[in-house]
Amino acid sequence: MTRQEALKRFQEQEKEYLEEKKLEYYRGIMENSEELAKVIREAFGELKEEVLRLDKEKIMFFHVSLLRMDLLNGTYRFLLNAMDARWYLDTEPAKTTFSLEFLFSITEEMKGRLMLDAGKYMGKVNRYDIENILQDNAIEWNRILAAELRFLFRDIEENQDFIEIPKLDTWGIYWGEYRDSSDLIAFVDREKKTQKDWERALRQSKEQEDVLISKYWYEMEVADSDSSERLFLFNQFENCTLTQISFDYANLSGTRFKNCTLKGCSFQNAVIRQADFVDCRWEDNNFSGADLSNSIFLEKDIPFLHIEPEQLQTILIDRRANA
């Protein structure tokens, strides 16, 4: 058996085990969500102090990156950078680091198991192969983490340290690798949008389905629009007035409506999982057949939604406004 054949067989042999550990890692994110949020809050607190110390221009880019070099040491450190509009040309970004070892620590157990299993290949699978497997594994896990953090970062503007960081009206938080691939997990684009902007995006979505994913609609007034069967994943509507809009059979999972007025809008049979409706005004909207699983509504808004009893069992009710 050649080395290449041995490595291929080894990877096939360990595939099921790696999948099991990926599920364990995902459960760890859910179970440790409070500690994760605490670590990230503290990191932004440290970042704020650094931004103010450097007297930075207004920040446009926040970039969180898993440091590959530290993977070999099992420390799982992340670098948090804050940069102005020049992005990577910013010669003095504010920065801090933090560790998420409590999420990634199971990789040490994995390393021991893989080293043991590799022994039967008589040196044709070595520790460098295993380190490469674990590094690739960590990068994949980091992408899983980024996807879940979209929901945690949805409320980032309520964090006092983040509020005190001077920012442009357009900013984004990216999570990924250092100067490599990354995902946009939170962003703001407070430039007023118009019905023309909306209709242009709808036309483009006919040719490119994902063009409507992660869009920011600010102070937009739009009416009489057929927006059915579109992908509006992780959209944000802020200070918008939506009148007679059809979202029938659309997917609005992860979308946020903040301080919006919705009049005569139809969400029939739409998928609206883990969405967030904050300080909205409701008038004659239709949620018949919509999947509202784990979407958040203010308690005071419930009587105006006219949702079905089965849907009421699946939503999350925010009672803070009544506290």
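Everything here concerns the structure above.
Everything numeric here is computed off the predicted structure, so don't read it as measured data.

### Side note on the layout of surface pockets
In this model, the largest pocket occupies a volume close to 790 Å³. Lining the largest pocket are 27 residues, with S33, F151, L152, F153 and D155 sitting closest to its centre. Every element with two or more residues in the lining of the largest pocket is listed here: α1 (3-31), α2 (33-54), α6 (127-152) and β15 (316-318). Ranked by residue count, the leading element in the lining of the largest pocket is α2, at six residues. Looking at side-chain class alone, the lining of the largest pocket contains 15 nonpolar, four polar and eight charged residues. Quantified by volume, the second largest pocket comes out at close to 230 Å³. Of all elements in the fold, only α1 and α6 reach the threshold of two or more residues within the lining of the second largest pocket. Per element, the largest residue contribution to the lining of the second largest pocket is seven residues, and it comes from α1. Looking at the lining of the second largest pocket, its residues break down into three nonpolar, two polar and six charged.

### Quick notes on the packing of helix α5 (residues 106-118) against α6
The N-to-C vectors of α5 and α6 enclose an angle of 145°; their axes lie 10 Å apart at closest approach. Taken as a pair, α5 and α6 cross one another with a handedness that is right-handed. Here I106, T107, M110, K111, L114, M115 and A118 of α5 come into contact with α6, specifically with R127, I130, E131, I133, L134, N137 and W141. Class assignment for the residues of the contact of α5 with α6 results in nine nonpolar, two polar and three charged.

Reading the values: the criteria
Residues numbered from 1 in each chain as written. Predicted model: local features only at pLDDT ≥ 70, side-chain atom pairs only at ≥ 80, totals over all residues. Heavy atoms only, no water. 1 Å grid on protein atoms, 1.4 Å probe; cavity = no way out; pocket = protein on both sides within 12 Å on 5 of 7 lines; lining within 4 Å. Points joined across faces, edges and corners; volume = space filled by probe spheres on them. Helix = DSSP H or I, 4+ residues; strand = E, 2+ residues; numbered from the N terminus. Nonpolar A, V, L, I, M, F, W, Y, C, P; charged D, E, K, R; others polar. Axes fitted to C-alpha atoms, helices over the stretch in contact; angles between N-to-C directions. Left-handed = near helix turned anticlockwise from the far one by under 90°. Contact = heavy atoms within 4.5 Å.

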